[in-house]
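An overview of the molecular structure
Listed below, chain by chain, are the residues.
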Amino acid sequence: MKTFFAAVATVLLLIPSVALAAFEESVEDDADLSKVKKMAIAIPEFYKVSEREPTLEELTKDLCEAGKMASTLEIISYEDVVSAIRRDTGIDINSLEPAEAEKYFQKNVGHYAEAYLVLTVANNSGKPWLFYYVYNAENAKLMYAYSVQSRTLGHSAKDYFNTSKDFFKHFDEVAPKKLSKEERKLFEAKQKEVRKERGDRYNYQIGGGSGRHKEELVRKK
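Computed from a predicted structure; not experimentally measured. The residue numbering used here restarts from 1 in each chain and proceeds along that chain's sequence as written. The predicted origin of the model limits local features to residues at a pLDDT of at least 70 and limits the giving and counting of side-chain atom pairs to 80 or more, whereas totals for whole chains, interfaces and linings rest on all residues. Each side-chain value is derived from all of the structure's non-hydrogen atoms; neither hydrogens nor water enter the calculation.

Considering only enclosed or pocket space, the largest pocket measures out at about 570 Å³ in volume. Grid spacing is 1 Å over the protein atoms alone, the probe is 1.4 Å, and a cavity is where that probe fits but cannot get out, while a pocket is an open set with protein on both sides within 12 Å along at least five of seven lines and lining residues have an atom within 4 Å of a point. Along the wall of the largest pocket there are 24 residues; nearest its centre are Ile-43, Pro-44, Tyr-78, Pro-98 and Glu-102. In this description a helix means any DSSP run of H or I spanning at least four residues, a strand means any run of E spanning at least two, and both kinds are numbered starting from the N terminus. The set of elements that each furnish at least two residues to the lining of the largest pocket consists of α1 (56-70), α2 (78-89), α3 (98-108), β5 (115-122) and β6 (129-136). The dominant element in the lining of the largest pocket, judged by the number of residues it contributes, is α3, at five residues. Across the lining of the largest pocket, the residue classes tally to 16 nonpolar, four polar and four charged. Grid points are joined across faces, edges and corners, and a volume is the space filled by probe spheres set on the points. For this scheme, ten residues count as nonpolar: Ala, Val, Leu, Ile, Met, Phe, Trp, Tyr, Cys and Pro. Four count as charged, namely Asp, Glu, Lys and Arg, and the remainder, Gly too, count as polar.

The following block contains the structure:
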């Protein structure tokens with residue numbers, strides 16, 4: 001079971017100055033997103049179809065960089081997880097077949113983070129659709145899902161990067177929603193402190209470098 005958040009976007013399509021992007025999200029009922037302090041980046045599910053798109057390696061690195069720029073969490077790169085697994089188990093998962101590497105990643109990532117992120121890019125149509133899945137690193141159970149599609153979202157590394165920044169900022173907003181009023185107040189104060197410490201590297205305007213404003217990112221029904 002999961003909690004589903006949605007809002008009507010079809011009518012907003014009649015207002016192009018506002019409804020430039022739409023998203024859907026769901027939070028599993030037993031998931032406590034506020035417990036996530038460290039999030040690891042997993043290999044995205046992605047196949048390049050356009051020249052302007054990044055390679056899989058570039059997308060993995062861009063996803064990590066977007067998180068480090070936009071999230072108040074500690075973001076752990078895929079390369080760092082691979083290095084830690086090699087150090088602690090002697091297994092270099094980069095030398096394994098993809099399915100086997102994924103298995104070892106899921107088995108060990110819980111030693112280094114509370115959650116891990118898998119980005120899936122559905123890019124076989126005119127406009128790509130990006131899906132962000134956050135899993136519990138201890139048991140690989142889905143905690144949170146977020147997807148976004150936009151008339152302005154193209155098949156490019158820049159658009160994927162900016163959309164990923166939007167995801168991380170939104171996750172920050174959703175994480176404390178199940179907390180009590182007082183707990184949420186403390187949690188958000190800690191987030192504010194982290195943003196202040198990071199200074200100019202953290203641009204908290206929704207949309208970041210994409211130039212979109214918060215009112216332009218609307219929930220989709």
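There is more to say, and it comes next.
Attention now moves to the pattern of salt bridges. Two side chains that carry opposite charge are able to pair once their charged atoms sit near each other. Salt bridges are identified by distance alone: a Lys or Arg side-chain nitrogen within 4 Å of an Asp or Glu carboxyl oxygen. Enumeration according to the criterion identifies seven salt bridges in this entry. A salt bridge links Asp-88 to Arg-87; the nearest nitrogen and oxygen atoms lie 2.9 Å apart. Asp-88 gets classed as partly exposed once you look at its relative accessible area, which sits at 45%. Linking Arg-184 and Glu-188 is a salt bridge whose minimum nitrogen-to-oxygen distance equals 3.0 Å. Burial classes: relative accessible area under 20% of the type maximum marks a residue as buried, over 50% as exposed, and values in between as partly exposed (1.4 Å probe, protein chains only).

Note on ring pairs: Phe, Tyr and Trp rings are taken, using the six-membered ring of Trp, and paired if centres are within 6.5 Å. Classes follow the plane angle, with under 30 degrees stacked, over 60 edge-to-face and the rest tilted. This model, assessed by the stated rule, comprises 14 aromatic pairs. Consider the rings of Phe-105 and Tyr-116, whose centres lie 5.6 Å apart with planes at 85 degrees: the pair is edge-to-face. You can see Phe-105 sitting in helix α3 and its partner Tyr-116 sitting in strand β5, a full eleven residues away along the chain. Look at Phe-105 and you get buried, because its relative accessible area is 4%. Here Phe-131 and Tyr-133 contribute two aromatic rings whose centre-to-centre distance is 6.3 Å and whose plane-to-plane angle is 5 degrees, an arrangement assigned as stacked. By way of ring pairs, the aromatic residues Phe-23, Tyr-132, Tyr-144, Tyr-146, Phe-167, Phe-168 and Phe-171 are connected into one cluster.

For helices, the fitted line uses only the C-alpha atoms of the stretch in contact; every axis is such a line through C-alpha atoms, and the angle between N-to-C directions lies from 0 to 180 degrees. Interaxial distance between α1 and helix α4 (residues 157-174) falls to 8 Å at its minimum, and their mutual angle equals 40 degrees. The angle between α1 and α4 places the two elements in the oblique class. α4 is crossed by α1, and the crossing has right-handed handedness. The segment α1 lies against α4, with Leu-59, Asp-62, Leu-63, Glu-65, Ala-66, Gly-67, Met-69 and Ala-70 engaging Ala-157, Tyr-160, Phe-161, Ser-164, Lys-165, Phe-168, Lys-169 and Asp-172. Working rule for angles: under 35 degrees goes down as roughly parallel, over 145 as roughly antiparallel, 65 to 115 as roughly perpendicular, anything else as oblique. In this scheme the crossing of two helices becomes right-handed for a clockwise turn of the near helix relative to the far one and left-handed for an anticlockwise turn of less than a right angle. Any two residues having at least one pair of non-hydrogen atoms within 4.5 Å are treated as being in contact.

When the terminal C-alpha atoms of α1 are compared, their 21 Å separation across 15 residues agrees well with the 21 Å that a helix rising 1.5 Å per residue should span. Among all positions of α1, only Leu-59, Thr-60, Leu-63, Cys-64, Ala-66, Gly-67 and Ala-70 are buried. Viewed along the axis of α1, the buried residues span an arc of 160 degrees, placing them on a single side of the element. Looking at the buried residues of α1, the elements they touch are β3 (38-41), β4 (74-76), α2, β5, β6 and α4. Helix span is expected to be 1.5 Å times the residue number reduced by one. Here the arc refers to the set of directions running from the helix axis out to each C-beta atom.

Attention now goes to the pairing of strand β7 (residues 142-150). When you tally the buried positions in β7, you get seven out of nine residues, the bulk of the element. With seven bridges joining them, β6 and β7 adopt antiparallel strand pairing. When the sheet's bridge partners are listed, Tyr-132 is paired in β7 with Tyr-146. Strands are treated as partners if at least two bridges between them are detected by DSSP. Turn length for the β6-β7 hairpin, with the two strands adjacent in sequence and antiparallel, is five residues, and the turn residue Ala-140 shows positive phi of about 65 degrees.

Let's shift gears to the confidence of the model for the protein. Confidence of the predictor at the level of single residues is given by pLDDT, which spans 0 to 100. Averaged over all residues, the pLDDT of the protein equals 84, while 81% of them reach at least 70. By mean pLDDT, the top-scoring element of the protein is β3 (98), and the lowest-scoring one is strand β8 (residues 217-219) (51). Within the model, pLDDT remains below 50 along residues 4-19, and this stretch shows 28 contacts once partners closer than five positions in the same chain are excluded. When the criterion is pLDDT under 50, residues 203-217 qualifies, and its contacts beyond four places in sequence or with other chains add up to 43 contacts.

Moving on: the environment of Asp-62. Note that Asp-62 resides in helix α1. Put simply, Asp-62 and Lys-158 are 96 residues apart on the chain and 9.2 Å apart in space, counted from C-alpha to C-alpha. Excluding residues that lie within four positions of it along the chain, Asp-62 makes contacts with Ala-157 and Phe-161.

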